[in-house]
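Remarks on the overall topology
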Amino acid sequence: MEEPGTVYFTGTAGAGKTSLVRAFAQWMRSSGYDVSVVNLDPGSESEGDGFDVDIREWVRLSDVEAEYDLGPNGAQVAAADMIALKIFDVKQAIQELKADYVLIDTPGQIELFAFREASKAIVDALSGDRSVVAFLFDPSLARTPGGFVALVMLSATVEFRFRLPMVNVLAKSDALTPDQLGEVLGWSDEPGRLYDAVSRDAPSPDVQLSTELYRAIETMGPLLGLVPTSAKDGTGLESVYQACQRVFGGADDLEPSHAPSNE
Ligand SMILES: Nc1nc2c(ncn2[C@@H]2O[C@H](COP(=O)(O)OP(=O)(O)OP(=O)(O)O)[C@@H](O)[C@H]2O)c(=O)[nH]1
Ligand SMILES: [Mg+2]
């Protein structure tokens, strides 16, 4: 059997990961794709339904906090190590579902997810050749030039850490006005516009830093291909699928591999 296409959803706390995973799974299923949804966030507070495999069956943040008398961040670090020890059980549970696509919701604290060795081990264990990271840009940050630059850098850092192909996604696009949306997408398409906006926004005393950052973004910018999405109104879900599919290398597989079930 071909290995499933795996998509990790990551981004800053509250960026909209869980909502987007849910909306995307629903869209995929209604379009006839066979998809499993995995929760890798031991601190997730969304209850019950929706996850086919849930890390909280093995490791739950509140239990780790209580048992080891840790604060929430210390507990996340300890939990990541515990998850790494269970990762082959998790992998087996995912494999047993035999889905064509696996969508993975990740912990809210991106620095704990992206910068811990245990998380790297977890992602390495679960990722095959067909894996991609969907990095969410939170519009509350992305709509300012400085925030946008910071998110581009963070996305590049995540790519550097996990060494996986990235799909950059603007989350909650419904929360922006059409003008704001146009501006943000313009920054993604044309780094020159971003540079102008940054210079206008903060005539920085540190011209050197701005110029160096600009050079980096000029190189990465066109690769960003920011996809506007909304879990609320369904914007862009199909585009996310297509972007992932391009990474999986199957432009020939843009049609559902299963007919929609009629149950
Ligand atoms: N307007 C709008 N709000 C959204 C959308 N998606 C999520 N939200 C809101 O954003 C907040 C955070 O959403 P979550 O999906 O929990 O974000 P998350 O990244 O999983 O959060 P953590 O796991 O806690 O880091 C919630 O209040 C959601 O209702 C969207 O597409 N549009
Ligand atoms: Mg979440």
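For the structure itself, consult the block above.
Now for a look at the structure at hand. (Residues numbered from 1 in each chain as written. Chains lettered and ligands numbered in written order. Predicted model: local features only at pLDDT ≥ 70, side-chain atom pairs only at ≥ 80, totals over all residues.)

This part is about the pairing of strand β4 (residues 101–105). Along any regular strand, the residues point their side chains to alternate faces of the sheet. Among the 5 residues of β4, 5 are classified as buried, and the element is accordingly described as predominantly covered. Across the two faces of β4 the burial is the same, with Tyr101, Leu103 and Asp105 and Val102 and Ile104 all buried. As paired elements, strand β1 (residues 5–11) and β4 share 5 bridges and run parallel to each other. Bridge pairing links threonine 6 to valine 102 in β4. Judged from the 5 bridges that link them, strand β2 (residues 35–39) and β4 form a sheet pairing that is parallel. Paired with valine 38 across the bridge in β4 is isoleucine 104. (Buried ≥ 20, exposed ≤ 12 C-beta atoms within 10 Å, placed from the backbone. Helix = DSSP H or I, 4+ residues; strand = E, 2+ residues; numbered from the N terminus. Pairing = 2+ DSSP bridges.)

Let's shift gears to the environment of aspartate 105. As for its position among the elements, aspartate 105 is in strand β4. Once the C-alpha coordinates of aspartate 105 and aspartate 54 are considered, the two residues, 51 residues apart in sequence, prove to be 9.7 Å apart. Ignoring anything within four residues of it in the chain, the contact list for aspartate 105 reads Phe9, Lys17, Thr18, Val21, Val38, Asn39, Leu40 and Asp41. (Contact = placed C-beta atoms within 7 Å.)

What follows is about the nonpolar core. With 74 residues, the main nonpolar core has Leu103, Ala134, Val169 and Val240 as its most contacted residues. Those residues in contact with leucine 103 that lie beyond four places of it in its chain are Val7, Phe9, Val21, Phe24, Ala25, Val35, Val37 and Val38. (Core = buried A, V, L, I, M, F, W, Y, C linked by C-beta atoms within 7 Å.)

This paragraph deals with the sheet that holds strand β5 (residues 131–137). The strand order across the open sheet built from 7 strands is β3-β2-β4-β1-β5-β6-β7, with neighbouring strands paired in parallel fashion. Since the sheet does not close on itself, it has two edges, and those belong to β3 (53–54) and β7 (227–228), each with one partner. The sheet contact formed by β1 and β5 spans 6 bridges and is parallel. Bridging from a neighbouring strand, threonine 10 pairs with phenylalanine 135 of β5. Helix α11 (residues 237–248) contacts β1, β5, β6 (166–170) and β7 of the sheet and is inclined by roughly 170 degrees relative to β6. (Axes fitted to C-alpha atoms, helices over the stretch in contact; angles between N-to-C directions.)

To continue, consider the site of ligand 1. Among the 16 residues in the neighbourhood of ligand 1, the closest are listed as Gly16, Lys17, Thr18, Ser19 and Gly108. Here the element with the most residues in the shell around ligand 1 is helix α1 (residues 17–30); it accounts for 3 residues. Residue composition of the shell around ligand 1, grouped by class: 4 nonpolar, 7 polar and 5 charged. (Near = placed C-beta within 6 Å. Nonpolar A, V, L, I, M, F, W, Y, C, P; charged D, E, K, R; others polar.)

In the Ramachandran plot, lysine 98 falls in the positive-phi region, its phi being about 50 degrees despite a non-glycine side chain. If you trace the backbone, lysine 98 turns up in the loop between α3 (72–97) and β4. Classification of lysine 98 by C-beta neighbours within 10 Å gives exposed; the count is 10. One non-glycine residue, arginine 163, lies in positive phi territory at about 55 degrees. By secondary structure assignment, the location of arginine 163 is in the loop between α7 (145–162) and β6.

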